[in-house]
Amino acid sequence: GAGVSQSPSNKVTEKGKDVELRCDPISGHTALYWYRQSLGQGLEFLIYFQGNSAPDKSGLPSDRFSAERTGGSVSTLTIQRTQQEDSAVYLCASSLVGGQAGNTIYFGEGSWLTVV
Amino acid sequence: RKEVEQDPGPFNVPEGATVAFNCTYSNSASQSFFWYRQDCRKEPKLLMSVYSSGNEDGRFTAQLNRASQYISLLIRDSKLSDSATYLCVVSSGTYKYIFGTGTRLKVLA
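Rules of the game
- Residues numbered from 1 in each chain as written.
- Chains lettered and ligands numbered in written order.
- Predicted model: local features only at pLDDT ≥ 70, side-chain atom pairs only at ≥ 80, totals over all residues.
- Heavy atoms only, no water.
- Pairing = 2+ DSSP bridges.
- Helix = DSSP H or I, 4+ residues; strand = E, 2+ residues; numbered from the N terminus.
- Axes fitted to C-alpha atoms, helices over the stretch in contact; angles between N-to-C directions.
- Buried < 20%, exposed > 50% of the residue type's maximum accessible area, 1.4 Å probe, protein only.
- Contact = heavy atoms within 4.5 Å.
- Buried area = accessible area lost by both parts, 1.4 Å probe.
- Salt bridge = Lys/Arg side-chain N within 4 Å of Asp/Glu carboxyl O.
- Polar contact = N/O pair within 3.5 Å; in protein donor to acceptor, adjacent residues only side chain to side chain.
- Nonpolar A, V, L, I, M, F, W, Y, C, P; charged D, E, K, R; others polar.
- Phe/Tyr/Trp six-rings, centres within 6.5 Å; stacked < 30°, edge-to-face > 60°.

Enquirer: Kindly report on the sheet that holds strand 1 (residues 5-7) of chain A, identifying the contributing residues and their values.
Expert: Consider a sheet: its strands pair through backbone hydrogen bonds, and that pairing is either parallel or antiparallel. All names here are of chain A. Sheet architecture is open: four strands sit in the order 1-3-7-6, paired in antiparallel fashion. Of all strands in the sheet, those with a lone pairing partner are strand 1 and strand 6 (65-69), marking the two edges. Across this sheet, the average inter-strand angle for adjacent strands is 15°, counted without regard to direction.

See the structure below:
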């Protein structure tokens, strides 16, 4: 597609439920990132995928968070047993190749998660 | 100390004013620098990359000072539509992009 596509745009879930957030990167982009932004806060790195390499999961805040990227394209971020502090906007981004100076990353519109 | 620091603002300026933001970074090995713009409840969008020699895009000018480890963004002839949060982004050439928390700009009529 023309840009990074994320779904759902908005999700309200009950505490303790699992949620899945989907990201479809820009066609041809091999690098994919997930960030989280809480209200009024900066962007927090969660996870990075580059092609078929092992992902960098160092930013995932707890073992309730996991992410997959199938076929080097679409990615799913899963949050198990959601807590109220998980409420945030989850932003996916992609770039042509990760790890190159000057490489630009492009963001999707985000998935707004509210845990009640 | 945060890796990338910005004054959160808000900077309230009248239309037509010139305004400048600075951003400091702590990693001297940083290689790539960007300014992103984020509107309320929207995703960040690339405003401009920052090059060593400085660069200009219309009313926007970005500068890099490696010795002092800061980058700046100058906006001339401010428009109401420039009201947004401006994010400083730094990368050491790896895939890790470090975002500042942003500087809020409000351009007043």
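Enquirer: Residues and numbers for unusual backbone geometry, please.
Expert: Excluding glycine, residues mostly carry a negative phi; peptide bonds, for their part, are mostly trans. Of note, the bond from S7 of chain A into P8 of chain A is cis; its omega dihedral lies within 30 degrees of zero at -10°. Relative to the elements of secondary structure, P8 of chain A occurs in the loop between strand 1 and strand 2 (10-13). Cis geometry is adopted by the peptide bond preceding P10 of chain B, which originates at G9 of chain B and carries an omega value of 10°. Of note in the backbone geometry, R81 of chain A takes a positive phi value of approximately 45° without being a glycine. Assignment of secondary structure puts R81 of chain A in the loop between strand 7 (75-79) and strand 8 (88-95). Among the residues examined, R81 of chain A registers a relative accessible area of 41% and is labelled partly exposed. In the Ramachandran plot, Q69 of chain B falls in the positive-phi region, its phi being about 55° despite a non-glycine side chain. Looking at the element boundaries, Q69 of chain B is found in the loop between strand 7 (60-65) and strand 8 (70-75).

Enquirer: Give a description of the interface of chain B and chain A that names residues and reports values.
Expert: With 18 residues of chain B in contact, the opposing surface of chain A contributes 22 residues. Both faces considered, chain B and chain A share a buried interface measuring about 1700 Å² in area, 57% of it formed by carbon and sulfur atoms. Inspection of the region where chain B meets chain A yields one salt bridge. Linking K96 of chain B and D56 of chain A is a salt bridge whose minimum nitrogen-to-oxygen distance equals 3.5 Å. For the pair chain B and chain A, the interface holds five residue pairs in polar contact (both at pLDDT 80 or more). Ranked by the residues each element gives to the side of chain B that touches chain A, the list is headed by strand 4 (residues 32-38) of chain B, at four residues. Residue classes in the side of chain B that touches chain A are distributed as eight nonpolar, seven polar and three charged.

Enquirer: Describe in detail the side chain of S94 of chain A, supporting the description with residues and values.
Expert: Residue and element names in this part refer to chain A. Mapped onto the elements of the fold, S94 is located in strand 8. Here the side chain of S94 touches I26 through a polar contact of 3.4 Å, landing on its backbone nitrogen. The contact partners of S94, leaving out residues within four places of it in the chain, are V4, P25, I26, H29, A31, L32, Y33, T104, I105 and Y106.

Enquirer: For the packing of aromatic side chains, give the residues involved together with the corresponding values.
Expert: Scanning the entire structure with this criterion turns up 14 aromatic pairs over all chains. Ring centres of F107 of chain A and F99 of chain B lie 5.7 Å apart, and the angle between their planes is 75°; on these two criteria the pair is classed as edge-to-face. In this pair, F107 of chain A sits in strand 9 (residues 106-107) while F99 of chain B sits in strand 10 (residues 97-99), so the two residues belong to two different chains. F99 of chain B shares its class with F107 of chain A; the two are buried. An aromatic cluster is present here, built from Y33, Y35, F45, Y48 and F107 of chain A together with F34, Y36, Y97 and F99 of chain B joined pairwise through their rings.

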